[in-house]
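# Secondary and tertiary structure notes
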Amino acid sequence: MLIADIIRSKGSDVVTAAPTATVAELTRLLAEHRIGAVVVSGDGRHIEGIVSERDIVRALPQQGGEVLDAEVRSLMTTEVVTCTPKQTVVEMAELMTRHRFRHVPVVEDDELVAIVSIGDIVKARMALLEDERDQLIEYVQQ
Ligand code: AMP
């Protein structure tokens with residue numbers, strides 16, 4: 001199964017924020033869309049960074065509530081690991097486990113086209129395993 005298959009079923013909406021948006025605005029986006037990370041991009045197509053809820057939680061003990069007024073770019077991770085629609089779900093599961101993050105933006109021709117979360121990957125892998133199990137049961141019963 002490919003990342004393209006996941007995108008086909010879940011869609012290609014990606015919530016982005018400008019690097020100059022405030023962390024307060026970012027928390028509103030996370031809550032409103034019920035997501036765990038936002039891609040940072042000035043034009044919505046080229047990736048400048050990624051900020052997840054973990055970045056905000058880690059900044060809070062050091063900066064306190066003032067972090068809400070800071071710009072998103074002060075918290076974002078700039079070395080963003082991305083994938084393409086042609087990569088496999090298994091490859092992504094390994095990548096997310098190795099790097100210990102739960103979000104991977106999908107790019108095609110250097111442009112942001114979607115995002116996959118660990119939830120999407122687990123759901124796709126479960127469906128694959130269930131299909132395989134059904135096929136094996138059918139095979140054994142024949
Ligand atoms: P997450 O597990 O996705 O909430 O993110 C954990 C940490 O990894 C945070 O510091 C994120 O900014 C960072 N992060 C999340 N996704 C990526 C990614 N695709 N590439 C690089 N860093 C990431």
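To be clear, the structure that these remarks concern was listed above.
The structure reproduced in this document is the subject of the present report.

Parameters and conventions
Residues numbered from 1 in each chain as written. Predicted model: local features only at pLDDT ≥ 70, side-chain atom pairs only at ≥ 80, totals over all residues. Heavy atoms only, no water. Buried < 20%, exposed > 50% of the residue type's maximum accessible area, 1.4 Å probe, protein only. Helix = DSSP H or I, 4+ residues; strand = E, 2+ residues; numbered from the N terminus. Right-handed = clockwise from strand over helix to strand, strands pointing away. Pairing = 2+ DSSP bridges. Arc of directions from axis to C-beta. Contact = heavy atoms within 4.5 Å. Salt bridge = Lys/Arg side-chain N within 4 Å of Asp/Glu carboxyl O.

Here strand β2 (residues 37–40) shows no split at all, with A37 and V39 on one side and V38 and V40 on the other all buried. Read as a crossover between parallel neighbours, the route from strand β1 (residues 16–17) over helix α2 (residues 23–33) to β2 is right-handed. Bridging between β2 and strand β3 (residues 49–52) involves four bridges; their strand directions are antiparallel. Along β3, the bridge assignment pairs V40 with G49.

Moving on: helix α1 (residues 3–10). What α1 keeps buried is the set I3, I6 and I7. Projected down its long axis, α1 carries its buried residues within an arc of 100 degrees, all on one side. Seen from the buried face of α1, the exposed residues on the opposite side, beyond 90 degrees, are R8 and S9. In this structure, the buried side of α1 is in contact with α4 (89–99), β4 (103–108), β5 (111–117) and α5 (118–141). Positive phi shows up at G11, right after α1, with a value of about 95 degrees.

The next point concerns the pattern of salt bridges. Throughout the structure, instances matching the rule amount to seven salt bridges. In this structure, K10 engages D120 in a salt bridge whose closest nitrogen and oxygen atoms are separated by 3.0 Å. Note that K10 is positioned in helix α1 and D120 in helix α5, a separation of 110 residues in sequence. The exposure class assigned to K10 is partly exposed, which follows from its relative accessible area of 39%. Notably, a salt bridge pairs E111 with R45, separated by 3.0 Å at the nearest N-O pair. Taken together, the residues span a long stretch of sequence, with E111 in strand β5 and R45 in the loop between β2 and β3 at a distance of 66 residues. For R45, a relative accessible area of 40% corresponds to the partly exposed category.

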